[in-house]
Amino acid sequence: MTTAGWILMIVSVGSILTLVSYCFYRVLRIPVTKDHLHGPLDIDTHEEM
Amino acid sequence: MPKVLQRESWATKIGVILAVAGSAVGLGNFLRFPGRAALYGGGAFMIPYFISLLLIGIPICWIEWTLGRQGGRYGFNSAPGLFSVVWRSGVSRAFGALAVFIPVVIYMYYVFIEAWCLGYAISYLTGSIAPGPDPAGYASYFSSHFNEFIGASEHGALFRSFSPALLALAGCFVLNFFLIYRGLTRGIEAFCRWAMPALVIAAVIVLVRVLTLGTPDPGRPEQNVINGLGFMWNPKPVGDGGTFSALWDPQVWLEAAGQIFFSLSVGFGIILTYASYVRPKDDIALSGLTASATNEFCEVCLGGLITIPAAFIFLGAAPLAEVAGSSIGLGFHAVPAVFEFLPLGHFFGFLWFGLLFLAAVTSSLSMLQPAIAFFEEGFSLGRRASMAILGIVTGAGTLLVVYFTQNTVALDVMDFWVGSALLIVLALFEVVLFGWVLGAEKGLVETNRGSDIQVPSIFAFIIRWVCPAYLIIILGAFAYQNFPDKVRAIAGDPAAIVTVAFMALLFSLLLLSVHIAGNRWEQERRFDAVAKPRPRRKRSR
């Protein structure tokens, strides 16, 4: 395997691993909001105000 | 009193991300990508690949997520309604029909490939794959085993006697429709929440096994794991050029853009429908990016390190170069031979085809949902009635695929015209709809609303100018390279003509259905709630 091959593999795999780790870190650190009961004003009636 | 709509929605954020990622992750990640990369420049292929990811892959994903969530706010879940929210016109509805047609047709042949994976996984589990002790006979054994399994000898071969492929196909149909019947959260989301992690765990186990193979045959020291990685990742010259000459070859750029396009499932109409079930104030920018990143992880970090190195170690460079361009050749002829050399080979064979099967199910499931959503909202049909219609339609199409198996003619015709060409057409329409009709800046405001990350404003320029130009070039080059031969091939083959006629009839019926549904929505005043741009006040002088 050539030096260029090593560099391309490490950069490609490394950048994807960094991206996917960052994304899942952001997704999972946001607290899960449980469904709450909506009041009448919260319900989307699809009518213009 | 206004009618309050009861709509399905995803139970969790991670659920929708895994469902969208599951839709994108398929056989292409583990078979098509490594083969294309190895053939078209090796590591150099990754440069146009990442540029395409940034310029068309991720932007079009965000477009589909945005159009889906926006239309979902007005009670629509299928593309004809979702597109009409942005642009109320017949053109919009026609492309909406295309977005229902594409996943349905792809399902017709994809479920057959899914059945191959299931059949092979079961064969490894039961030990019925036995090529014998002589490695010289592996290539012919696996080639003839595959041809016999799919009935490639003549049309209708699978119906001559008991066929394991048909049995596996029936199992796949039942599983897919059962999960769809259970609904969005209890069916699709629940399945993807365990299937995606299971798929990744299985792939990581296979990856660790491949990377620890070392030099299994001391008689052939050059066939080792490092050289296998080199076959995949070393930048390769094209023709007589230098190491990075692949970067100057337009074909390499086309292949890279095509791989990104097909891998992320953009232009399928699936993300649109999935995103329509996201709640109006929920994040889509981060979810879309995470789903794309998950797909890339499976493709680059798993597919890119497993398939080619494993095949290289046991088969060598020359035989591998012959099959690398064909996903079927790589996946069903070359890789099974690799497992014969491994200790516990049948276990790893079962694991490999099991993970491909899971990847295929999470994709095929997603292909059914857009049509189900259309039947439900277009004609107020219940889940059972929608499934019955879709079952008959997809059953008829799959019957064509499994009957015309000689040279896999029906599968190839559907895959080329619908699974490749029409995808680009639909994606081009979505880009124009978002970038020019809705307005790229306004569209990105909608994308960023409620999102956990902000999409940079440079993407407005990319969506408005770069994406359409990129897609037009891809479509033009694709048509120029392939259309004449493909049209000639259809004209000379009755099976291909029957397949095309079936698809034309199906699309005509869908167009008619969308027209009827659209009129119904107009009568019900479903679009009245869609905010209209306020007329600008004239400036008083």
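All figures in this text were calculated on a predicted structure; none of them were measured in a lab.

Undergrad: Go over the nonpolar core, please, and point to the residues and values.
TA: All names here are of chain B. With 214 residues, the main nonpolar core has Phe30, Phe112, Phe261 and Trp352 as its most contacted residues. Of the residues forming this core, the biggest block, 23 residues, is contributed by helix α5 (residues 90–126). Those residues in contact with Phe261 that lie beyond four places of it in its chain are Ile56, Ile60, Val266, Leu423, Ile424, Ala427 and Leu471.

Undergrad: Quick one: what's the story with helix α17 (residues 409–448) of chain B, residue by residue and with numbers?
TA: All names here are of chain B. For α17, which comprises 40 residues, the first-to-last C-alpha distance of 45 Å sits more than 12% below the rise-based estimate of 58 Å (1.5 Å per residue). The largest bend along α17 reaches roughly 100 degrees and is located at Leu438. The positive-phi residue at the C-terminal boundary of α17 is Gly450, with phi of around 80 degrees.

Undergrad: Just give me the short version of the packing of helix α2 (residues 27–39) of chain B against helix α12 (residues 285–315) of chain B, but keep the residues and values in it.
TA: Residue and element names in this part refer to chain B. In the contact formed by α2 and α12, the axes pass within 8 Å of each other and the chain directions differ by 65 degrees. Taken together, α2 and α12 sit at an angle that is classed as roughly perpendicular. Here α2 runs over α12; the crossing is right-handed. Where α2 approaches α12, its residues Gly28, Asn29, Phe30, Leu31, Phe33, Pro34, Gly35 and Ala38 are matched on the opposing element by Asn295, Cys298, Glu299, Val300, Leu302, Gly303, Gly304, Thr307 and Ile308. Of the residues contributing to the contact of α2 with α12, the split by class is nine nonpolar, seven polar and one charged.

Undergrad: Provide a residue-level description of the environment of Ala195 of chain B, including the pertinent values.
TA: All names here are of chain B. Relative to the assigned elements, Ala195 resides in helix α8 (residues 184–211). On the basis of relative accessibility, which here comes to 0%, the residue Ala195 falls in the buried class. Separated by 171 residues in the primary sequence, Ala195 and Ala24 place their C-alpha atoms 13 Å from one another. Residues within four places of Ala195 in sequence aside, it is in contact with Leu358 and Thr362.

Undergrad: Any details on the interface of chain A and chain B? Residues and values, ideally.
TA: Across the contact, 28 residues belong to chain A and 40 residues belong to chain B. The tally of links from chain A across to chain B stands at two residue pairs in polar contact (both at pLDDT 80 or more). For the side of chain A that touches chain B, a count of residues per class yields 17 nonpolar, six polar and five charged.

Conventions and cut-offs
- Residues numbered from 1 in each chain as written.
- Chains lettered and ligands numbered in written order.
- Predicted model: local features only at pLDDT ≥ 70, side-chain atom pairs only at ≥ 80, totals over all residues.
- Heavy atoms only, no water.
- Core = buried A, V, L, I, M, F, W, Y, C linked by side-chain atoms within 4.5 Å.
- Buried < 20%, exposed > 50% of the residue type's maximum accessible area, 1.4 Å probe, protein only.
- Helix = DSSP H or I, 4+ residues; strand = E, 2+ residues; numbered from the N terminus.
- Contact = heavy atoms within 4.5 Å.
- Expected span 1.5 Å × (residues − 1).
- Bend = angle between axes of the 7 residues up to and from the residue.
- Axes fitted to C-alpha atoms, helices over the stretch in contact; angles between N-to-C directions.
- Parallel < 35°, antiparallel > 145°, perpendicular 65-115°, else oblique.
- Left-handed = near helix turned anticlockwise from the far one by under 90°.
- Nonpolar A, V, L, I, M, F, W, Y, C, P; charged D, E, K, R; others polar.
- Polar contact = N/O pair within 3.5 Å; in protein donor to acceptor, adjacent residues only side chain to side chain.

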